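Residue-level structural notes
Listed below are the residues making up each chain.
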Amino acid sequence: MLRQIPAVEELLNRPALELLGERVGRRFLTSHLRGVLTAIRQEILAKTWQGALTSEAIEARTEAAVARALTYSLTPVINATGVVLHTNLGRAPLSHEAMAHATEIATQYSNLEYDVAAGRRGERDVHLTGAAELIGAEAAIAVNNNAAAVLLVLNALGEGGEVIVSRGELIEIGGSFRIPEIMQKSGAILREVGTTNRTRIADYRNAINERTKLLLRVHPSNFRIEGFTERPSLDELVALGREKGIPVYEDLGSGCLISLTAQGLHTEQPAGESLAAGVDVISISGDKMLGGPQAGIIAGSKEMIRRIRRNPLFRALRVDKMTYAILESTFRAYAQEQYNRIPALRMIRATAAEVEQQALWMMEGIAKNALDWEMIPGESVIGGGSAPGFTIPTALIALQHKSKSAAALEAHLRKRRPAVLARVENDRLLLDLRTVMTDQLGPLADAIKSLA
Ligand SMILES: *Cc1c(COP(=O)(O)O)cnc(C)c1O
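The structure contained in this document is the topic of the report that follows. (Residues numbered from 1 in each chain as written. Predicted model: local features only at pLDDT ≥ 70, side-chain atom pairs only at ≥ 80, totals over all residues. Heavy atoms only, no water.)

**Brief notes about the overall build of the protein chain**
The test is simple: Per the convention used, a helix needs a DSSP run of H or I reaching at least four residues, while a strand needs a run of E reaching at least two, with both numbered from the N terminus. Type-normalised accessible area, obtained with a 1.4 Å probe on protein chains alone, sets the label of each residue: buried when under 20%, exposed when over 50%, and partly exposed for intermediate values. Contacts between residues were defined by any pair of non-hydrogen atoms, one from each residue, lying within 4.5 Å. Areas reported here follow the Shrake-Rupley algorithm with a probe of radius 1.4 Å; residue values treat only the protein chains shown as occluding. When charges are counted, neither His nor the chain ends are considered; positive counts come from Lys and Arg and negative counts from Asp and Glu. Throughout, a charge is located at the NZ atom of Lys, the CZ atom of Arg, the CG atom of Asp or the CD atom of Glu.
Counting its regular elements, the protein chain contains 18 helices and 15 strands. Taken along the three principal axes of its C-alpha coordinates, the protein chain extends 85 × 55 × 50 Å. In the protein chain, buried positions account for 48% of the 452 residues. Sequence-distant contacts in the protein chain: of pairs separated by 6 or more residues, those separated by 24 or more amount to 74%. When the accessible area of the protein chain is evaluated, it comes to approximately 22,400 Å², of which 50% is carbon and sulfur surface. With 52 positive and 51 negative side-chain charges, the protein chain shows a separation of 5 Å between the mean positions of the two kinds.

As structure tokens, then:
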């Protein structure tokens, strides 16, 4: 049988493969054809080869291998989990409007670092002027993500000296981002004060010495300490910093720009409030509650931002023109208070009634036979390590099949393209449309129909 395998050249000269070669490139095709032939040889030797060894069979397998190789590794999925900032699913989805600006900037030359009016070199920071104004800062710069922002600020303001932080704020964010470790990498010395649950302003005061360079406050993003707790107010911390001439830096994590108390969210204080309280520097994530691209935004006084920007790490951690374009577009929506133009914010602010209405509209025409469904109340979460314990009331589609388990339904949905990701609870498949993009409703309805 091995001897029946046609030569590579002979196969490549067959009309279908010749045509395919013209389309995808002859080298690309040849390499996949060789891969297919190797696999067939192994199957023959292992006696697992079935059917006739025809050129047509080899051709069909080669075409399939080429098609597989040409599908992107990175593909869209339908997020029906109700987790808005799902870190594994890319956190904040971006608007077409923001991406149109990014495309316009990325596919042409731009004034990224050129002052067109003056006719000389400029700085990319100017594109964040609007962002700084919105946050209430004198200046702002952007880096790769908030983890990079923390590293950069600690290095620029704390290297070689001590940085005081409460033991209750020595957090781990996930993906091995831990405050003590990032501090060590920054070259600053961690000076922990207080206890896990209680830290007083006197603890900070007692720890200050001639080596102290920075007072650090970290938003405990992904956990909550309840009960017998205490931490100094921002005002107290700022007053102490002023008295001793030591800057205060607050890593706010999620970077909420607007109040979401109407949604019942009280743990995320808008970034502007920290600066208004007198904090010298803050940093926030671009793709958490801000609803923008992956980035870390550092904002504060002109003097502090100048010191941070001069640091060589800034050059290593800076972001590209596309990120600036998306940030600019995102902040513009904030400036106009048109929050629904930011997909993540639109999702967070949607009411349960709106989610339910969309679900009922989508489920219209999906007959209840083998597949039974009903709407039930449930909860969505913000995710991305933001607002732990906080949930948003939502409406869920609860699906049950006469003969298939919910786990089987869930697995079936994941195998579809685009894959649909949903929750299983009490042997029911739960779909939360809060996190489903409008143009994915059609494909999602098709996926549900395929379950029946
Ligand atoms: C999420 C978070 C970070 C890390 O931000 P990334 O943008 O994910 O790098 C740092 N600090 C806090 C407090 C956070 O919540």
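**Side note on the site of the ligand**
Here is the rule we go by: Throughout this document, a residue counts as near a molecule or strand when at least one of its heavy atoms sits within 4 Å of that molecule or strand. Any pair of N or O atoms that falls within 3.5 Å is considered a polar contact. Within protein, one atom must be able to donate a hydrogen and the other to accept it, and sequence-neighbouring residues count only if both atoms are side-chain atoms. Side-chain classes follow a simple rule in which Ala, Val, Leu, Ile, Met, Phe, Trp, Tyr, Cys and Pro form the nonpolar group, Asp, Glu, Lys and Arg form the charged group, and the remainder, Gly included, forms the polar group.
Close contacts around the ligand come from 14 residues, with Ala147, Ser221, Asp251, Ser285 and Lys288 the closest. Within the contact set of the ligand, an oxygen atom lies 3.0 Å away from a backbone nitrogen or oxygen of Asn146. Taking Ser285, its side chain carries an N or O atom lying 2.6 Å from an oxygen atom of the ligand. Those elements that provide at least two residues to the shell around the ligand are helix 7 (146-158) and strand 8 (248-253). Partitioning the shell around the ligand into residue classes produces five nonpolar, six polar and three charged.

**Notes on the packing of aromatic side chains**
We describe a pair of aromatic rings using the distance from one ring centre to the other and the angle between the two ring planes. To keep it simple, the criterion reads: Here a Phe, Tyr or Trp ring, Trp counted by its six-membered ring, pairs with any other such ring whose centre lies within 6.5 Å, and the pair is stacked when the planes are under 30 degrees apart, edge-to-face when over 60, and tilted otherwise. Comment: the charge-over-ring label is applied if NZ (Lys) or CZ (Arg) is within 6 Å of the ring centre and within 35 degrees of the ring normal.
What the rule picks out here adds up to two aromatic pairs. Note on Phe331 and Tyr334: the rings are 6.4 Å apart at their centroids and 45° apart in plane angle, and the pair reads as tilted. Taken together, the positions of Phe331 and Tyr334, both in helix 14 (residues 321-335) and three residues apart, correspond to about one turn of that helix. No difference in accessibility class separates Phe331 from Tyr334, as the two residues are buried. Relative to Tyr339, the ring of Tyr334 has its centre 5.8 Å away and its plane inclined at 55°; by these criteria the two rings are tilted. For the pair formed by Tyr334 and Tyr339, the shared burial category is buried. An aromatic cluster of three or more residues is present, and its members are Phe331, Tyr334 and Tyr339. Above the face of the Phe228 ring, Arg198 is positioned so that its terminal group lies 3.8 Å from the ring centre. Positioned above the aromatic ring of Trp373, the side-chain terminus of Lys368 is 4.8 Å from the ring centre.

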